[in-house]
Amino acid sequence: MITHSINKVKQAATEHPLVNQVCFGPIEEYDHKATIKYPYVNIDIVSCALYNAAQTHKFRVYVMDRNKIEEAYNKTELIITDMMILLDVNSYTINYFNYNFKDMVNGVYADIEIEGVVSTDCTSDAYADIYGAE
């Protein structure tokens, strides 16, 4: 289920000693917010594919910082590489970007896929978390 996959990626980011904030959702929602603490990781869902009993979520993981461009690229590349090792993701491409948020930020992003088993059990923990059922 998507909740489990999101939590897995968020946990990998939270555990990194250089990361100061982790958020989930469209990156545009966090544009121009003075409360962002850098280095910052944003996780956004790109797509979901179902095949038999397997569900594959594709996430875009952004890592950004406010340092000079070379320093930000070095730091954010290190963070995303460490996260991919922790998540056991072996195939990904690092892309570089610059955004003019409240501050000019530089960083990297990668699209990753996480596969899980589709659960149809309405008593599962994930179902209870989302719908408040017991």
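Reading the values: rules and limits
Residues numbered from 1 in each chain as written. Predicted model: local features only at pLDDT ≥ 70, side-chain atom pairs only at ≥ 80, totals over all residues. Heavy atoms only, no water. Salt bridge = Lys/Arg side-chain N within 4 Å of Asp/Glu carboxyl O. Helix = DSSP H or I, 4+ residues; strand = E, 2+ residues; numbered from the N terminus. Buried < 20%, exposed > 50% of the residue type's maximum accessible area, 1.4 Å probe, protein only. Pairing = 2+ DSSP bridges. Contact = heavy atoms within 4.5 Å. Expected span 1.5 Å × (residues − 1). Arc of directions from axis to C-beta.

Engineer: Summarise the pattern of salt bridges; cite the residues concerned and give the values.
Structural biologist: Applying the stated criterion across every chain, the model contains two salt bridges. Here Asp-111 ties to Arg-60 by a salt bridge, and the two come within 2.6 Å at their closest N and O atoms. Within this pair, whereas Asp-111 is found in strand S5 (residues 104-117), its partner Arg-60 is found in strand S3 (residues 54-65), the two being separated by 51 residues in sequence. For Asp-111, a relative accessible area of 26% corresponds to the partly exposed category. For Lys-75, the salt bridge identified is with Asp-65, shortest N-O distance 3.2 Å. In this pair, Lys-75 is assigned in helix H2 (residues 69-87) and Asp-65 in strand S3, connecting sequence segments ten residues apart. Residue class for Lys-75 comes out partly exposed when judged on its relative accessible area of 25%.

Engineer: Quick one: what's the story with the pairing of strand S2 (residues 40-51), residue by residue and with numbers?
Structural biologist: Along a regular strand, successive side chains alternate from one face of the sheet to the other. Here strand S1 (residues 21-24) pairs with S2 via four bridges, running parallel. Paired with Gln-21 across the bridge in S2 is Tyr-40. Bridge count for S2 against S3 is eleven bridges, and the pairing is antiparallel. By the bridge assignment, Asn-42 is partnered in S3 with Tyr-62. Taking the residues between adjacent antiparallel strands as the criterion, S2 and S3 are bridged by two residues, where Asn-52 takes a positive phi near 55 degrees.

Engineer: Provide a residue-level description of the environment of Thr-56, including the pertinent values.
Structural biologist: By the element assignment, Thr-56 lies in strand S3. For the pair Thr-56 and Ile-112, spaced 56 residues apart in the sequence, the C-alpha separation amounts to 9.9 Å. Residues in contact with Thr-56, not counting those within four places in the same chain, are Ser-47, Cys-48, Ala-49, Glu-113, Ile-114 and Glu-115.

Engineer: Describe in detail H2, supporting the description with residues and values.
Structural biologist: End to end, H2 covers 26 Å across 19 residues, agreeing with the expected 27 Å (1.5 Å per residue, within 8%). The set of residues buried in H2 consists of Ala-72, Tyr-73, Thr-76, Ile-79, Ile-80, Met-83, Met-84 and Leu-87. Looking straight down H2, one finds that the buried residues subtend no more than 140 degrees of arc, so they occupy a single side. Away from its buried face, by an angle of more than 90 degrees, H2 presents the exposed residues Glu-70, Asn-74 and Ile-85. Positive backbone phi, approximately 60 degrees, marks Asp-88, located one or two places after H2.

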